[in-house]
Amino acid sequence: MDELMELYVGMGISPAVYEYGEKTLKKLEERFARVDKIAEYNQAKVISAMQKNHVSAACFAGTTGYGYDDLGRDNLERVYADVFHTEAALVRPQITCGTHALTVALSANLLPGDELLSPVGLPYDTLQEVIGIRPSPCSLAEYGVSYRQVDLLSDGTFDYEGIRAAINEKTKLVTIQRSKGYATRPTFSVKQIGELIAFCKSIKPDLKVMVDNCYGEFVETIEPSDVGADMIVGSLIKNPGGGLAPIGGYICGTQECVDRCAYRLTAPGLGQEVGANLGLMTALYQGFFLAPTVTAGAEKGAIFAANLYEPLGFRCVPSASEERHDIIQAVELGSEAGMIAFCKGIQAAAPVDSFADPMPWDMPGYNDKVIMAAGAFIQGSSIELSADGPIREPYAVYFQGGLTWLHAKLGILMSLQKLVDAGLVQL
Ligand SMILES: *Cc1c(COP(=O)(O)O)cnc(C)c1O
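On a predicted model such as this, the values are computed, not experimentally measured, just so you know.

### Focus on the overall build of the protein chain
Looking only at helices and strands, the protein chain has 12 helices and 12 strands in total. In terms of overall dimensions, the protein chain is globule-like: its C-alpha atoms have a radius of gyration of 22 Å, near the 22 Å expected for 427 residues. C-alpha extents for the protein chain along the principal axes are approximately 65 × 50 × 40 Å. Here the protein chain holds 427 residues, and 56% of them are scored as buried. Counting contacts in the protein chain only where the partners sit at least 6 residues apart, residues at least 24 apart contribute 69% of the total. In the structure as shown, the protein chain presents an accessible area of about 17,700 Å², 56% of it carried by carbon and sulfur atoms.

Right, here's the structure in full:
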């Protein structure tokens, strides 16, 4: 036994699981090399934006109160704008999460009487109350913004005829979710998003397009802002925070759209001028600096999991060989016991809370019990290794993240070990 296997065995991973993992990895060298190439490109893109904007120690100073003339904050926004090739950026710890960032972007750019269109089916769960698909106080619907949706065709492609018919004189903003999130549809490539944006704008040139970029940042060398999106929006406790940002969200886009977002986030007239950085600048800069390699590590974990589980008869979305456009991996385990075992493994491999025992529970807002595994340094951070899913057919766990590829590997091996221990898998 080599010393690494010995250590893993001490942590509860059997030689059979370890060796099955090593055999799987041998086939992935070329795939991983491609992921590294994309990371290298994005790393250079981030460093070059930091150099261009003269990032210096002065940028890391904390500010309080109004935060007028906050050098670090203003400069970080220029760095984001340069990386994502946009005119402007709003990157703030005052944006509490991804849903908040999306809410700001939508409510700043839609007025009473306007219509919002989703040409890619139902948006992410939390946005349904924001829009008013599920009624909620302060939803866009309550403010007189209507909503229209065109579902994807059964093969997961865009329903261009349906979209053409849905765009009308009220349509003001189109919202496109890049990642599948917790749905079963495919995640779109940036190229596909570009084609959809071009189509929508060919029908109505003054349409604005917002892309929910959550989980997609740095998975490719281009972003939706490179293919016509007026705004891209995301969370700093996912990819672009690199695991170090303790809070925050971003909106990058045209000056016009971002100015409106800043007025909505703070107040009309104040906009980006206020908003102290509260001493978080080092984490936000350093996290953005790490984000390309952290994202690559998470993506390798997703590829490894698909290639480990698919040959064992579990359906994986995306499949073992499919090209990836985000860091989420769904594994259909086929039973509640399978989901529990998988999540126990992810939890047991965590650096934090490894002693906790994930169990299905009745989570507010969900019809089915939900199970979650997370042992994160930052609460709820899903760029850290985490897994969850509703206890219902097809008993899929969605897992994502891993601040390092090697932690993702350990977590996935441990998940398989728990399935073996429960008698649900035989190697
Ligand atoms: C995570 C996510 C959100 C919401 O982000 P929170 O930070 O959880 O509020 C929105 N859309 C997509 C596609 C996401 O993955």
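### With respect to a nonpolar patch on the surface
A cluster of nonpolar side chains, namely Leu4, Leu7 and Met11, defines an oily patch on the protein surface of about 280 Å² accessible area. Within the secondary structure, Leu7 is located in helix 1 (residues 3-11).

### Side note on the nonpolar core
With 46 residues, the main nonpolar core has Ile13, Phe304, Tyr309, Leu333, Phe342 and Ile412 as its most contacted residues. Of all the secondary-structure elements, those providing two or more residues to this core are helix 1, helix 2 (15-26), helix 3 (29-52), helix 10 (281-309), helix 11 (336-348), strand 10 (370-374), strand 12 (396-400) and helix 12 (405-421). Aside from chain neighbours lying at most four places away, what touches Phe342 is Tyr309, Leu333, Ala387, Val397, Phe399, Ser415 and Leu419. With 44 residues, the next largest nonpolar core counts Met50, Ala89, Phe158 and Ala166 among its residues.

Here is what the cut-offs are and how they apply
- Residues numbered from 1 in each chain as written.
- Predicted model: local features only at pLDDT ≥ 70, side-chain atom pairs only at ≥ 80, totals over all residues.
- Heavy atoms only, no water.
- Helix = DSSP H or I, 4+ residues; strand = E, 2+ residues; numbered from the N terminus.
- Rg over C-alpha atoms; globule rule 2.2 N^0.38 Å.
- Buried < 20%, exposed > 50% of the residue type's maximum accessible area, 1.4 Å probe, protein only.
- Contact = heavy atoms within 4.5 Å.
- Areas by Shrake-Rupley, 256 points an atom, 1.4 Å probe, with all protein chains shown as cover.
- Patch = residues over 30% accessible without salt bridge, like charges linked within 9 Å, V, L, I, M, F, W, Y side chains within 5 Å.
- Salt bridge = Lys/Arg side-chain N within 4 Å of Asp/Glu carboxyl O.
- Core = buried A, V, L, I, M, F, W, Y, C linked by side-chain atoms within 4.5 Å.

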